[in-house]
Amino acid sequence: MSPQASRWAKADNRTPKELEKNMTEYFTALCKKMNQESSVKWMDVVNETITREGNWFKEKPGMDKWENPWVQIGRDENGYPSYIIKAFEIANRYAPNISLVFNQHGGMEPKMWRQVKKTILYLRSKGLRINGLGWQAHLRSDQPLANDSSQLKFLGDLIDWAHKNDLDFHVTEMDYRIEDENNSNEALQRQAKAYANIIGVLLSKKDQGVVTFNTWGVYDKNGPENHEYKYIYDSNLNPKKAVELLKNMGIWDSLKNNIVLGTNVEQTFQFVKTKNANVGIIAKSQLFRMRDLEEQKYWIPPNHLYTPIKQSAALLTDTSAAWQLKSFFETDDVTNLIKSSGYDLPK
C-alpha cells in the first residue's frame, strides 16, 4: 500500500470506511495472487509511508498531487496509521510464502529512518511478521548521497541495523539521473561512481545477511527532449564507461568485491603510487611521468577493449591571439609532447 493510488482513492469526498473497504479488498486479492506465484520471493507491503522529515505521508487536496490517501483511514491508540498495521495483518494472513518488506523512498535522512525503524519494531511488537527493509534509491547528480562518504556510511549502518534485527536489506529501485543535461565523460564517471559506491556498500555487507539490488531501469530513454541519463546502459544499449573495460576483460565478477573508486583519476593514481591499492586504472600520462617507470609493472589495454575518451577544444573568441594559441597547440613541439604523454592525436 502506497501513494501509487487511483484518482478514486484520492478524491476529497472519500470516507475512511470507503478507503478501508477498498484497501482491504484490493490488498487481500493481491496477497492471495502473489502467494501463488512461485517466482515471487519478496513483496513490498507498504511503501513511502514517511516523509524525509520523519512525519507520516498524508493526503492532499484534489486528485492531481503526490499524496497518501490511506492515512485517512485512521490511527491506532499509539498514533500509528491503521492502514500500515492492516496491510501487514493482511499480508501475514494471505501471503505466508512470501518475504514481507517495509519499503521506503528518500535519501539518508536520519529523522525519516528513525521513524521507519521505530515503526518496524512497533509492528513486530504486535506479533506481525516483517522480513525485510527496502530502500528506493532514486539518486541525482545534484545531490551528494552516492558520492558522499558520510552518507554512504549511514547506508552501511542502516544495513547493519537491518541485519541485527533479522531483516533482509533490499535496494528495491535504483537510478542516478544526470541533472546537468550534459552527458559528458565527467558526468558519466560520476554516475558510474555512484552506482559502484552503492553496490560496493551492499557487497561489503553480504556475508552478514541478505542484501539485494534492483535497478529501476536498464537503459536510457531515447530523444533529447526527455533524456534523463539514468541508467548503466545508454539508449543504444551500450555499456557506459565505468564497467565497460572490466566487463570486456571478463574479470568484473571476480574483482568487483575488491574495487575502490577514487574521487578522480589523480586520487586513484595516489592509491597505486603509495601501494594502498595493488592495481589501478589510471591515465597513461600519469604512468609516463613516473620517474621509476622501468621498475613498474603495467599493461596498456588494446583499443578494442574500450571506447576512447575523446577530448575537444573550442575557440570562444574570434581574435588573433586566440588563433595564435590554436596554432601553437598544432606545432610539432606541442603535438610531440602530447604524444609522448600517452595521448593519441585526431586523425
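Structure: above.
The following refers to the structure shown. (Residues numbered from 1 in each chain as written. Predicted model: local features only at pLDDT ≥ 70, side-chain atom pairs only at ≥ 80, totals over all residues. Heavy atoms only, no water.)

## Section: the environment of Glu18
Thought 1: One can find Glu18 in helix H2 (residues 16-35).
Thought 2: It is 8.7 Å that separates the C-alpha atoms of Glu18 and Ile73, two residues lying 55 residues apart in sequence.
Thought 3: Ignoring anything within four residues of it in the chain, the contact list for Glu18 reads Trp8 and Asn13. (Helix = DSSP H or I, 4+ residues; strand = E, 2+ residues; numbered from the N terminus. Contact = heavy atoms within 4.5 Å.)

## Considerations on the sheet that holds strand S2 (residues 99-105)
Thought 1: Taken together, five strands build an open sheet; the order of strands is S1-S2-S3-S4-S5 and the sheet is parallel. Edge positions in the sheet fall to strand S1 (42-47) and strand S5 (211-213), since each has one partner strand and no second. Sheet twist, expressed as the average angle between the axes of neighbouring strands with direction ignored, equals 30 degrees.
Thought 2: Where strand S3 (residues 132-140) and strand S4 (residues 168-177) come together, nine bridges link them in parallel fashion. Paired with Leu139 across the bridge in S4 is Tyr176.
Thought 3: Along the sheet face, helix H5 (residues 149-164) touches S3, S4 and S5 and points at about 155 degrees away from the line of S4. (Pairing = 2+ DSSP bridges. Axes fitted to C-alpha atoms, helices over the stretch in contact; angles between N-to-C directions.)

## Digging into the side chain of Lys230
Thought 1: Tracing the backbone through its elements, the reader meets Lys230 in the loop between S5 and helix H7 (241-249).
Thought 2: Taking relative accessible area as the criterion, Lys230 reaches 9% and is therefore assigned buried.
Thought 3: If near-sequence neighbours (up to four positions away) are discounted, Lys230 is found in contact with Asp175, Tyr176, Arg177, Gln191, Tyr195, Trp216 and Asp220. (Buried < 20%, exposed > 50% of the residue type's maximum accessible area, 1.4 Å probe, protein only.)

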